[in-house]
Amino acid sequence: MEWTFRVANIAAGICLAVFSGLVHADDAAANLALPTAASFYAKDFQSLKSHGFDPQPVGSRPYLLATNEDDALLGGPGVTTASSGTGFKPPWMSGRKAHQYLGLSTVALAGLTMLAAPDDAEGASQTAPRQTSGTTHTRLARATAAMAVATVMTGLIYHWDDIHWEDPFTDPDKMHARLAAAGALMMLYAVNKSAHSSVPTSHSGVAELGAAAMLVAIKLTW
Amino acid sequence: MMQTKSKVAALLAIALSVSCACALAEEDFMDWLLTFQRQKNVKPVTDKLYQEECGGCHFAYQPGLLPAKSWEVLLNAKALRKHFGVNAELDEDTLKFIHDYAVENAADKSWYKRSRKIAVATEDGPTPLRITELRYISRKHQVIPEKMIKGNKGVKSLSFCDKCHTQAEQGVYDADTVNIPNYPNWDGWFNK
């Protein structure tokens, strides 16, 4: 019971640290309001409408698409563009990077959890009640599940604009999101199933499948 | 003990199946599968001639930004005579080389993530002729107000990828590497 409390505190601490880091990295508080309409894409939608902006993106040409204007493209030989990024350094940490590191950490923790699993033969010989908390395996498993949830949450917040209904089923970002979410759910299910069982219960298959799903999800967008 | 053996056997079976599938799959897929190198963006231009000929007039757009069918339409003698309003004719050998390079490295031939996104989104429908017309590209830029692009003397047009994407030449188009001239530290909807 005490360990459950500690693990819950650690998980809460991780989540708080992650969000604090993200806020610090972005130098602004994260606006968690999710987009509700296509108008969300435009920062100043009213002014865009007055310029003839059509919020229907499919098959149309949104107002600010480069139309290969004469002054933009008629450079001619020898007139090349120069990047203005000289001296610019990408931030060492950002919401997107935090999502990436959380995902990798989840897979690493899942591997450690698998390695720390108690031996089957040893478990069978035990007469004492089954331990559902307090062991290295259970602590790691709960931390992995918490990390998986944090990964999915940061993905939703920082990559929401990479996933669209109109994109095909095989879109890499869509597959990444589906697999990662399924992986996290499987890990949560495995932890929950094992934690609420007083007798040895098979949960490793689901957990390992979840970790594998997350690994494949990472590879798809790596 | 028995369960552990079954697991090892299952893992071996999976590894074998994957190996067989890889052997059957194309070489590029194997490269993508087995590399730890990041392939999240677009394959950078590696050919000097392509870089010199295309980059002589505009940013040398990576072939992975358009599908092969687009390069087929864009890179032929007739089309280059009126290449977006400009005569960009090339001699026959150079044109063939650039055409082949673009087609071989086009979005639908690449395993880089952004190229795959472009490829699956352009499988059906009309052949896109401008990168900025791609649904994926236009959607990613819709969050940026007009004043930051057309109204920005440091940018002027979305066509100048490298004005804001500081690592565009390396094929990196991550949001974290964006630095819009005259609007430093702007980060999309988080700055609303």
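Each value, and the rule that gives it
Residues numbered from 1 in each chain as written. Chains lettered and ligands numbered in written order. Predicted model: local features only at pLDDT ≥ 70, side-chain atom pairs only at ≥ 80, totals over all residues. Helix = DSSP H or I, 4+ residues; strand = E, 2+ residues; numbered from the N terminus. Buried ≥ 20, exposed ≤ 12 C-beta atoms within 10 Å, placed from the backbone. Contact = placed C-beta atoms within 7 Å. pLDDT = per-residue confidence, 0-100.

(A) Representation of the overall build of chain B within the structure. The number of helices and strands found in chain B is 9 helices and 0 strands. When the elements of chain B are put in sequence order from the N terminus, they spell out α-α-α-α-α-α-α-α-α. Here chain B, with 192 residues, has 34% of them falling under the buried criterion. Once local pairs closer than 6 in sequence are excluded, the contacts in chain B between residues at least 24 apart make up 58%.

(B) Layout of the overall build of chain A. Each helix and strand in chain A was counted, giving 8 helices and 0 strands. Overall, chain A shows an N-to-C arrangement of helices and strands of α-α-α-α-α-α-α-α. Looking at the 222 residues of chain A, the share that counts as buried comes to 29%. By sequence separation, contacts in chain A at least 24 residues apart represent 75% of the contacts at least 6 residues apart.

(C) The confidence of the model for chain A, seen in detail. When pLDDT is averaged across chain A, the result is 72; 60% of the residues are at 70 or more. Contacts from residues 27-81 of chain A, a stretch scored under 50 in pLDDT, to residues over four places away or in other chains number 89 contacts.

(D) Up close: the environment of B:Asn182. Residue and element names in this part refer to chain B. Here Asn182 is to be found in the segment after α9 (161-164). Sequence spacing of Asn182 and Pro145 is 37 residues, and the spatial spacing of their C-alpha atoms is 13 Å. With sequence-adjacent residues up to four places away left out, Asn182 is seen in contact with Asn152 and Gly154.

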